[in-house]
Every structure is written in C-alpha cells, then in structure tokens.
Amino acid sequence: MKSDSPRILAIETSCDDTSVACLEGMTVASSVVSSQLDGAKFGGIVPELASRAHQANIVHVVRRSLAEASWEISQVDVVGVTYAPGLLGSLFVGLNFAKGLAYGRGIPMIGVHHLEGHVLAPFLTDNPPTFPYIALVVSGGHTQLLMVRAIGSYELLGTTVDDAAGECYDKVARFLKLDPQGRSSMAGPMVDERASSGRADAVDLPRPMLSSPELNFSFSGLKTAVLNFIKGRSLNDLEVNDLCASFQEAVTDVLLHKTMKACQAFGVDRIVVTGGVAANSRLRTAFADAASRHGLALHIPPVAYCTDNAAMIGITAFFHWQRGEQSGLDLVPRATMVLDHKT
Ligand code: KG4
Ligand code: ZN
C-alpha cells in the first residue's frame, strides 16, 4: 500500500439509502447519502424496490462522491462495503459493485458489519472515545448495548426482545399519520419535531423492562400502549404533540436507564450512543444531562453520522486495513448477523 492514509471508497446499501463516502485514512473527503422515495407510495420499504433503486442509483452516487472529493476512480486504494446485516437484495448491489471495483482495479475489498460502522462512527469526529466504552446502538433495525473493548472486540450485553426503538418510532409516526411520505428516515424526525412542542408527562405510558435486572429491551408493549391510546380518539394537534413527547420520554427513559446500568455493572465510564435514533433531540439532552451528573464521558456523533451513512463504513474499513485484514471476493451478504466477537 502506498501510504498510511489510503484512499478508501466506502459503500453502504444495507437498507433504503444508497450511501458512498471517500476517506483519506480517517479523514472524510466526501459523504453522500441518496434517499429513496419509494415508501411514499407503499407505506414503507419494499425490499424488492429498494434493491432496484440501489441498482439504478449506485453509479451516480459513486460518481457524485468521487466528484465531491475531487478524486478519480483510478486513485482509490481500498474499497470498503457493508455486507451484513440488512436487506439481502440491497446488500447484494453494494457488495457486487465493490467486488467489481476491487477485481477490476486489483485493490483490496474490506467487508464491514453495519453495526460495527455505527459503533465506530464517533471516530469520524474530533473527539473520539477511548476504550473501553459501552455502545448503545439504536436504529430502525437494532437496539443493542455492547461492550467495546478495542477495535474488533465487541460483546453483546443486551438487545431488544421484540421491536427496535427506531421501528417503534416509525410505527408511532404511522399510527399518527405523521409520515405522509412513508419513509422511515422521516418518521423519527417527525415525532421528534412534534414532541418539541408537547408535554412529556401528558400521557402515562409504560417503560417496558425498566426494572428488570437484565440489559435487554422491549418496545412492543409501549407501541401497543400508544396504539390503544389513539384508538377511538380524534386527537387535535396539541394532543398529538403531547403524545409524541410522552412516547419519546418513555423510550428515552428506558434507553438511558439500561445504558447507565451497563456502565455500572461493568465499571465503564465512557458511553457512545449511535444509530438513527441517536439523532433524537430528547435522547441527546437526556444522555448529556445524565453523563454530566454521573461524571461519564459521552460521545454521540453528529446527526449525519448517526443515521445510515458510508463514512462510518469507510472508517471501519480503515481500521481493518490497518490490521492487515481484507475480505475474499467470495464474500456473500448476510441478512442477520450479531456483532459479537472478542479478540
Ligand atoms: O441507523 P438508521 O439510519 O438505519 C438503520 O440502520 O435502521 O436508523 C433509522 C431509524 C428510523 O427508525 C428513524 O425513524 C430513526 O432512526 N430516527 C429517529 C430520528 N432520526 C432518525 N428517531 C427518533 N428521533 C429522530 N430524530
Ligand atoms: Zn443503521
């Protein structure tokens, strides 16, 4: 390899956004996220349509990312790509593009686990965490607490036993008809916005598993409680705001409580919160308050690096490259795969 800071082209297509980033070592030269609008017609992500849209978009998004970085494709040294977990058809598009590039140009390809990307996203900032830290990954597909002891050393401490927190946000937005475009990436922000004008103590909602000793989560009961509250009522704007604020408070309470419990149980004083739900404004302030009260270091990436993006895949590929690792071109995508390996 030519330098200590290889030019990495990173591709992320695990769900409905086509994302491509260019990194020079750990420095982001460009990060492009192209969102799909298919959900507008179908009330959610349709896997078959998502993979087709990735197929149509991928070359354009790669070109845009290269242009924003002022790179030629011939200057790329390493290609990083998400290979798990996610929608299989969507993962295939990114992975096959990466393979073509790696094979055609004779450069290494590094397959990246999407959740490892989220967990390492704070290394894209000027204030990266030191090890060990407790990572709370909260997204549309996952709600997990992990012990991160080093790059490549991840221990799953707790996970949701039913819905992910983001999924719950998306369902509540749908019940309240707040996401007219049917896009999950818009659902959480819509609830967040409505909640900012509501009262968090207006509706009494459950905090599932709050007092159970384990570090697992459950959100389906909360989702059902919101649905039951809405049933038979015609809510005005103020009541919708109150319900959103109360729901958001319940989710945040559970996430915060379990994260603090994990810190205590393992004697760790550093927290990373990452994934799409980490963009939530109440979650950010609640964690910041708790961290300062308990003297904990808190790292929440900027919103653009919390939600799905390829820059986090690029920096994870960089760390693997530093360790001399690369993937075979026979790598296949995996729909589900737990990030839990110790080195
Ligand atoms: O990490 P992400 O972009 O994709 C997955 O890997 O799932 O997370 C998407 C999730 C969606 O459920 C979305 O509603 C939620 O993150 N989200 C939010 C906010 N922004 C995105 N949830 C609450 N408040 C937000 N501001
Ligand atoms: Zn994600």
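Please read all numbers here as calculations on a predicted model, not as lab measurements.

A. Looking closely at the domain arrangement of the chain. Here the chain is partitioned into domain 1 (7–119 + 308–322) and domain 2 (126–300). In this structure, domain 1 and domain 2 have C-alpha centres spaced 27 Å apart.

B. The environment of Val 119, seen in detail. Inspection of the secondary structure assignment puts Val 119 in helix 4 (residues 114–120). Placed 51 residues apart in sequence, Val 119 and Glu 68 show a C-alpha to C-alpha distance of 26 Å.

C. The arrangement of helix 5 (residues 165–175) in detail. Buried residues of helix 5: Ala 165, Gly 166, Cys 168, Tyr 169, Asp 170, Val 172 and Ala 173, and no others. With its phi angle positive at about 55°, Lys 177 sits one or two positions after the end of helix 5.

D. Examining unusual backbone geometry more closely. Here the amide bond leading from Ala 84 into Pro 85 is cis, since omega sits at -20°, within 30 degrees of zero. Cis geometry marks the peptide bond from Phe 131 to Pro 132, where omega comes out at -5°. For Met 209, which is not glycine, the phi torsion reads 65° and is therefore positive. Structurally, Met 209 is set in the loop between helix 6 (184–195) and helix 7 (220–230). For Met 209, a relative accessible area of 23% puts it in the partly exposed group.

E. Looking closely at the site of ligand 1. Near ligand 1 lie 20 residues; those nearest to it are Gly 140, Asp 170, Asp 192, Gly 276 and Asp 308. Note that an oxygen atom of ligand 1 is positioned 3.3 Å from one of the side-chain N or O atoms of His 114. Computed on the free molecule, ligand 1 has an accessible area of 550 Å², of which 91% lies beneath the protein chains in the complex. If you list the elements that add at least two residues to the shell around ligand 1, you get helix 4, helix 5 and helix 6. In terms of residue count, helix 6 provides more of the shell around ligand 1 than any other element does, four residues in total. Grouping the constituent residues of the shell around ligand 1 by class yields five nonpolar, twelve polar and three charged.

F. Broad picture of the coordination of the zinc ion (ligand 2). Around the zinc ion (ligand 2), the protein supplies His 114 (NE2), His 118 (NE2) and Asp 308 (OD) as donor atoms, at distances of 2.0 to 2.1 Å. Mapping the donors of the zinc ion (ligand 2) onto the primary sequence yields the spacing H-x3-H-x189-D. Of this pair, His 118 sits in helix 4 while Asp 308 sits in the loop between helix 10 (303–306) and helix 11 (311–322), and the two are 190 residues apart along the sequence. Look at His 118 and you get buried, because its relative accessible area is 0%.

G. Summary view of the nonpolar core. The biggest cluster of nonpolar side chains holds 50 residues, and the ones touching the most others in it are Phe 219, Phe 247, Leu 255 and Val 273. Where this core is concerned, the elements lending two or more residues are strand 6 (133–138), strand 7 (143–150), helix 5, helix 6, helix 7, helix 8 (237–266), strand 9 (270–274) and helix 9 (281–294). Take this core: its biggest share by element is 13 residues, from helix 8. With near-sequence residues (within four places) excluded, Phe 247 lies in contact with Cys 168, Tyr 169, Val 172, Val 191, Leu 205, Leu 222 and Val 226.

H. Broad picture of the packing of helix 5 against helix 8. Where helix 5 meets helix 8, the axes come as close as 11 Å, and the angle between the chain directions of the two elements is 170°. Here helix 8 runs roughly antiparallel to helix 5, going by the angle between their axes. Here Ala 165, Cys 168, Tyr 169 and Val 172 of helix 5 lie close against helix 8, whose contacting residues are Phe 247, Gln 248 and Val 251.

I. Region of the structure containing the sheet that holds strand 1 (residues 7–12). Read from one edge of the open sheet, five strands run 3-2-1-4-5, paired in mixed fashion. Every interior strand has two partners, whereas the edge strands, strand 3 (27–34) and strand 5 (109–113), have only one. Across this sheet, the average inter-strand angle for adjacent strands is 20°, counted without regard to direction. The sheet contacts of helix 2 (residues 47–69) involve strand 1, strand 2 (18–24) and strand 3, and relative to strand 2 the element is tilted by about 25°. Against the sheet, helix 3 (residues 88–105) touches strand 1, strand 4 (78–84) and strand 5, its axis set at about 155° to strand 4.

Quick notes on the rules
- Residues numbered from 1 in each chain as written.
- Chains lettered and ligands numbered in written order.
- Predicted model: local features only at pLDDT ≥ 70, side-chain atom pairs only at ≥ 80, totals over all residues.
- Heavy atoms only, no water.
- Domains from an automatic or database assignment.
- Helix = DSSP H or I, 4+ residues; strand = E, 2+ residues; numbered from the N terminus.
- Buried < 20%, exposed > 50% of the residue type's maximum accessible area, 1.4 Å probe, protein only.
- Near = heavy atom within 4 Å.
- Polar contact = N/O pair within 3.5 Å; in protein donor to acceptor, adjacent residues only side chain to side chain.
- Areas by Shrake-Rupley, 256 points an atom, 1.4 Å probe, with all protein chains shown as cover.
- Nonpolar A, V, L, I, M, F, W, Y, C, P; charged D, E, K, R; others polar.
- Donors = N, O, S within 2.8 Å, 3.2 Å for Na, K, Ca; no water.
- Core = buried A, V, L, I, M, F, W, Y, C linked by side-chain atoms within 4.5 Å.
- Contact = heavy atoms within 4.5 Å.
- Axes fitted to C-alpha atoms, helices over the stretch in contact; angles between N-to-C directions.
- Parallel < 35°, antiparallel > 145°, perpendicular 65-115°, else oblique.
- Pairing = 2+ DSSP bridges.

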